[in-house]
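So the chains spell out like this:
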Amino acid sequence: MLVNPYCSLDDLKTELKLRLDETQADAALETSINDASRWVDEYTRSTWFAVDHSVTPWTLPPRSSHLCLGYIFPPFGAIRSISRIVEVGADVETSLYSVLPNHIERLAGDWTNDDPAVPLLVYGVFGYAQPSADDALVTDSAVVPVGLPSRIALSTKLVAAALSGHSRKDVVGFDGAKSSVQDREIPQEVFDLLGARRQMLL
């Protein structure tokens, strides 16, 4: 079963040149997609699937590295909406900050987040939407997020192919004979697409 995948089963089968109507290996391939998606999360230090913090806030501990002076950098691939920010126990007026695609900027001064008893709280919806086929307002964690950046989707597909054990490459022996061997190495293209690994943020 797919859980917050960044590529579809058909996409992976096409990459591996497997028949779409053959289902014997589907469960194992779905596991490869799930593992590859979480690998991308860990490598980019971001969560790209839909995360709803509109009721239970995202909480920044004191001295969090997600906070830098007047900027908040949530650990999500996108900010879809911010409904409320609570600073030192009080709501911050929306006119005092600006929400950009991947960070929140305070328009005057710096964010205050020194007291563990009253941490900075951010209410909102993050990541890319995963609408259910039956109801677009309902999140379906089994579907690929809509609007996911192509570099994330392609990287996931390539990593999943490597993890699956179905990826093969041709090698030439000392005798000049060519043979096909299993290739589990994550291709350099993935690292080129994702760029340098981000520093761990607390």
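**Comments concerning the nonpolar core**
And step 1. Formed by 39 residues in total, the largest nonpolar core has its most connected members in Ile-72, Ile-82, Ile-85, Ile-104, Trp-111 and Val-122.
And step 2. Ignoring sequence-local partners within four residues, the contact set of Ile-85 consists of Ala-90, Asp-91, Val-92, Tyr-97, Ile-104, Trp-111, Leu-120, Leu-121 and Val-122.

**Details of the sheet that holds strand β8 (residues 120-126)**
And step 1. Taken together, the 4 strands give an open sheet; going across it, the order is β1-β8-β4-β5, and neighbouring strands pair in antiparallel fashion. Two strands bound the open sheet, and with one partner strand each, they are β1 (51-60) and β5 (90-91).
And step 2. Here β1 runs beside β8; their pairing, made up of 6 bridges, is antiparallel. Bridge pairing in β8 places Val-51 opposite Phe-126.

**Some points on the packing of aromatic side chains**
And step 1. According to the stated counting rule, one finds 8 aromatic pairs in the structure shown.
And step 2. Here the aromatic rings of Tyr-97 and Trp-111 are separated by 6.1 Å at their centres, their planes lie at 50°, and the arrangement is tilted. Linking Tyr-97 in strand β6 (residues 97-99) with Trp-111 in the loop between β7 (104-106) and β8, this pair joins segments that are 14 residues apart in sequence. In this pair, the class of Tyr-97 matches that of Trp-111, namely buried.
And step 3. Through successive ring pairs, a cluster of aromatic residues spans Trp-39, Tyr-43 and Phe-191.
And step 4. Lying over the aromatic face of Tyr-6, Arg-38 brings its terminal NZ or CZ to 5.3 Å of the ring centre.
And step 5. For the cation-ring pair, Arg-106 lies above Trp-111, with the distance from its terminal atom to the ring centre recorded as 5.0 Å.

Criteria and cut-off values
Numbering of residues starts from 1 in each chain and follows the order in which that chain's sequence is written. At least 70 in pLDDT is required for a residue's local features to be given in this predicted model, at least 80 for side-chain atom pairs to be given and counted, and no such filter applies to totals for whole chains, interfaces and linings, which use all residues. As a rule here, side-chain values come from all non-hydrogen atoms in the structure, and water together with hydrogens is ignored. For the purposes of this section, nonpolar cores are sets of buried Ala, Val, Leu, Ile, Met, Phe, Trp, Tyr and Cys residues that join through side-chain atoms within 4.5 Å. A 1.4 Å probe rolled over the protein chains alone gives each residue an accessible area, and that area as a share of the maximum for its type sets the label: buried under 20%, exposed over 50%, partly exposed in between. Note on contacts: a residue pair is in contact if any heavy atoms of the two residues lie within 4.5 Å. Here, strands pair whenever DSSP counts at least two bridges between them. The numbering of helices and of strands both runs from the N terminus, where a helix is a DSSP run of H or I of at least 4 residues and a strand a run of E of at least 2. Here is the rule: rings of Phe, Tyr and Trp (six-membered ring for Trp) pair when centre to centre is within 6.5 Å. Planes less than 30 degrees apart are stacked, more than 60 are edge-to-face, and the remainder are tilted. Only Lys NZ and Arg CZ are tested; either one counts as a charge over a ring when it is within 6 Å of the ring centre and within 35 degrees of the ring normal.

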